[in-house]
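# Structural overview for review
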Amino acid sequence: MSDELAGVTDPNVLDPSEDAIAEPIGSQEAAADHPFHRVPADEARLERQTGEGAQELRTREREIVMTGGTWPVDELGDTMVINMGPQHPSTHGVLRIMMELDSEEVVRAKAIIGYLHTGMEKTGEELTYVQGATNVTRMDYASPLSNELVYATAVERLLDLEVPERATWMRMMLVELNRISSHLLFQATNGMDIGAVSMIIYGWREREEVLRLLESITGLRMNHDYIRVGGVAADLPDGWREHVLNTMDIVEAGVAEYDALLSENPIWLERTVGIGAITTEECIALSITGPILRSTGFAWDLRKAQPYLAYDDVDFDVIFTENGDVFDRYRIRLYEILESVKIVRQCVANMPGGDYRVQDRKVTPPPRARIDESMEALIHHFKLFTEGFKVPAGETYTAVESPRGEIGCYMVSDGSGKPVRMHIRGPSFYNLQAMGPMVRNSLVADAVAIVSSIDPILGEVDR
Amino acid sequence: MADEVREPDHEGEPEAPAPPRPVEDRPSDEVAAALCDRFADAIFFESHGQSVVYLDRAHLADAGGYLRDDEQFTMCVDVTAVDHLVDGVRHAAPGVAPERFEVVANFLSHTRNRRIRLICEVPESDPSVPSLTGVYPGTDFAEREVFDLFGIRFDGHPDLTRILMPDDWVGHPLRKDDPSARVPVTFKGDPRPR
Amino acid sequence: MGLEQVSHNFLTAPLEDLVRWARRNSVFPATFGLACCAIEMMAAGAAHYDLARYGMEVFRASPRQADLMIVAGRVSNKMAPVLRQVYDQMVEPKWVISMGVCASTGGMFNNYAIVQGVDQIVPVDVYVPGCPPGPETLMHGILTLHDMIRTGELMKRRETTPHGGAGVTLEPASA
């Protein structure tokens, strides 16, 4: 098929002979001998394909192919290289995938990233530790609170700071609420990518409820900057218990609806079961964490394995499945919503009293009322928000389980008010490495489903 | 806090088996102790309760292979680098000869449920370390990122190209001497004289 | 034959007003989600906020079918040529909304990687502030644009600048 198409439009070959078309697709040795496949023709074809199908990034067309790394040009036989993205509706933002296609089948695929590179790690080195949370929260914009949490715990470990119990539980509740909203977003976009377009309406319906709850607690729908070094930014608002519990009921009803809509839907099963399978060994070798690793039958969850916050004190299960395909990843994220609902309910029931931030004047600003009556408090407040606080020299790595896997923060301090290095280990960045092996030998339409099931957030991939 | 276990006699002879260390100098951490026995110049350091082993950069890939095959460190979680050019107080474990760059690799053992961190000092004159991709394929993107943003080469990496920045970008943005290119804020169309 | 013999009501209007009315009520946005703002843009299109009320729920995947580009998020130097190409592929008349502070000014990311304002690449009609702007804010920006379309010039093309941008120049960074 690809021979035929290429032959018709190839300016170098005016009359492709009969046997060139009859050549069995895939027998590259035989094809290479044929005059049709001589090198100039390939060159021209490559130029045309990449020039037409690719986003033209520079005027030098030859280098488009090379963008993001070398591509083995000489092995290009009957196949064709196409670009998906960076502006493609189903690549979750600005992911670009180069695919080598043999008719409809993907022979090789390579993720090319960096189209959303924001220089956040550089900016993080220019911001004080107080301001840093504002920066990191914009990395994984679907689960900003996980970013803030890992950043805050890293700084707290360098400071040897103990967080009050209420702050710990509030953090846990908010991170779980965020996990719910993130997985609801996944359900919406994953449904849309695979063709269940009504899922975007349903998924957003419930997500909006969670976002309103988060807005009432943190003040913002996204990018909250709520979890700060030493605790959280503000106490829970009045009437939060009813609001949280009501929202959890809505979410539970919604999950039941998605389950009924999709889990036994034959079209959905046709599109997802057995697609993009990966094994536990491959996942571990490729440093893949989170729902993708759990979908292969390995119940690894940092919340259970290396508990942080108060995950020791709540009862929940780690969801895992056996097959490691797109359907299992969908199912894991669906049922993880229910586990998070379970945790949130326990947080509501067990929320301790006390301070919501540590009463250590080094990191915590004075209360607002004190500023009005005390000059020292005003100066202290001003100094804290302009110069920040100093952190003893040292380095540490902390990790928490974000909705996408292990998010880590490697922080190096030189004793000043700004970090020497603030590196975030984004789970999507590593998980995206699975795309190549999973997409191989699948159809293009399945590749869309696979990329969607990885659930990459490009803000975190590119940072 | 650090247990210094430096044996300068054996530097430059990585193949020679290191003689057993004095018992009181052995790291409290068993994996770190095994690494220190195996690599003569390894230095154990406990950083906020986490095991850190400083290694000569030539041994990074070997140490990775040892951790994977003999110590069940199944996953290399993260590879990154630090530029210490303008540090106020240079943080380094005692006994480590500080260089400008540090390459940091975090390892996780699922079976033993613990972590360890390897740090290599990398000089500015020859910024290169052996690649971990042969042992841990998952470090592919991370090493490309370090190469892109710091200009540290990973010898043996199959496809060491820029990953985040455009291909024709000049410089390595996360180096401290690379300007962050902050644009001064201007107020266009402001009628008032300035 | 006079008008009194026509059996139903009718309105007379200048053709220009009719065209403007039609344009205003069927603005098709291109899907150009970049970062956090794209999530809020999706929220605006989803159940609660329902952009369909303004005849613009259909986010076109192909720029050739779209006449509004909502630049939702920070534009990196690597993305800038792509964005410009998508803009060039859109047919006239076309409008641009710069959504969020990152697209409008670079926002808090004043560094090497981010274009300090998408108006350096494409001409922007409406700037929507916020980080990210909520769906209400985006909708206000969209309604502002609708108003501009309803009252604006019908046949006027954008003035082209030598480098194809909005006419804003930037000094190269020293060092």
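Model, not experiment: these values are computed from the prediction.

In terms of helices and strands, chain B carries three helices and seven strands. Order of helices (α) and strands (β) in chain B, N terminus to C terminus: α-β-β-α-β-β-β-β-α-β. For chain B, contacts bridging at least 24 residues in sequence account for 56% of all contacts bridging at least 6.

Each partner contributes to the interface: chain A provides 29 residues, whereas chain C provides 31 residues. Elements with a contribution of two residues or more to the side of chain A that touches chain C: helix 6 (120-126) and helix 10 (198-218) of chain A. Looking at the side of chain A that touches chain C, the element that brings in the most residues is helix 10 of chain A, giving five residues. Its residues assigned to classes, the side of chain A that touches chain C shows twelve nonpolar, eleven polar and six charged.

Moving on: helix 1 (residues 30-38) of chain B. Residues of helix 1 of chain B that are buried include every one of Val31(B), Ala32(B), Ala33(B), Leu35(B) and Cys36(B), and no others. Contacts from the buried residues of helix 1 of chain B go to strand 1 (43-47), strand 2 (50-55), helix 2 (60-70) and strand 5 (114-122) of chain B.

Another aspect to go through is the sheet that holds strand 2 (residues 96-102) of chain A. Note: strands within a sheet are paired through backbone hydrogen bonds, in either parallel or antiparallel orientation. Residues and elements named next belong to chain A. Taken in spatial order, the three strands make up an open sheet running 1-2-3, and their pairing is antiparallel. Looking along the sheet, the strands with just one partner apiece sit at the ends: strand 1 (80-84) and strand 3 (105-112). Mean inter-strand twist for the sheet, computed between neighbouring axes without regard to direction, equals 25°. Both strand 1 and strand 2 contribute to a ladder of five bridges, which runs antiparallel. By the bridge assignment, methionine 84 is partnered in strand 2 with isoleucine 97.

Okay, the nonpolar core next. Among the nonpolar cores identified, the biggest contains 226 residues, and Val53(B), Met69(C), Val71(C) and Ile97(C) are the most heavily contacted of them. Ranked by residue count, the leading element in this core is helix 9 (residues 165-194) of chain A, at 14 residues. Those residues within four positions of Ile97(C) in sequence are excluded, and the remaining contacts are Leu68(C), Ile70(C), Val71(C), Asp125(C), Val126(C), Val128(C), Gly141(C), Ile142(C) and Leu145(C).

On to the sheet that holds strand 7 (residues 405-413) of chain A, then. Residue and element names in this part refer to chain A. The strand order across the open sheet built from three strands is 6-7-8, with neighbouring strands paired in antiparallel fashion. The sheet terminates laterally at strand 6 (394-402) and strand 8 (421-425), the two strands that pair on one side only. Mean inter-strand twist for the sheet, computed between neighbouring axes without regard to direction, equals 10°. Bridge count for strand 7 against strand 8 is five bridges, and the pairing is antiparallel. Within strand 8, the position partnered with cysteine 409 by the bridge is isoleucine 424. With respect to the sheet, helix 8 (residues 144-159) is in contact with strand 6, strand 7 and strand 8, its orientation differing from that of strand 6 by roughly 150°.

Rules of the game
Residues numbered from 1 in each chain as written. Chains lettered and ligands numbered in written order. Predicted model: local features only at pLDDT ≥ 70, side-chain atom pairs only at ≥ 80, totals over all residues. Helix = DSSP H or I, 4+ residues; strand = E, 2+ residues; numbered from the N terminus. Contact = placed C-beta atoms within 7 Å. Nonpolar A, V, L, I, M, F, W, Y, C, P; charged D, E, K, R; others polar. Buried ≥ 20, exposed ≤ 12 C-beta atoms within 10 Å, placed from the backbone. Pairing = 2+ DSSP bridges. Axes fitted to C-alpha atoms, helices over the stretch in contact; angles between N-to-C directions. Core = buried A, V, L, I, M, F, W, Y, C linked by C-beta atoms within 7 Å.

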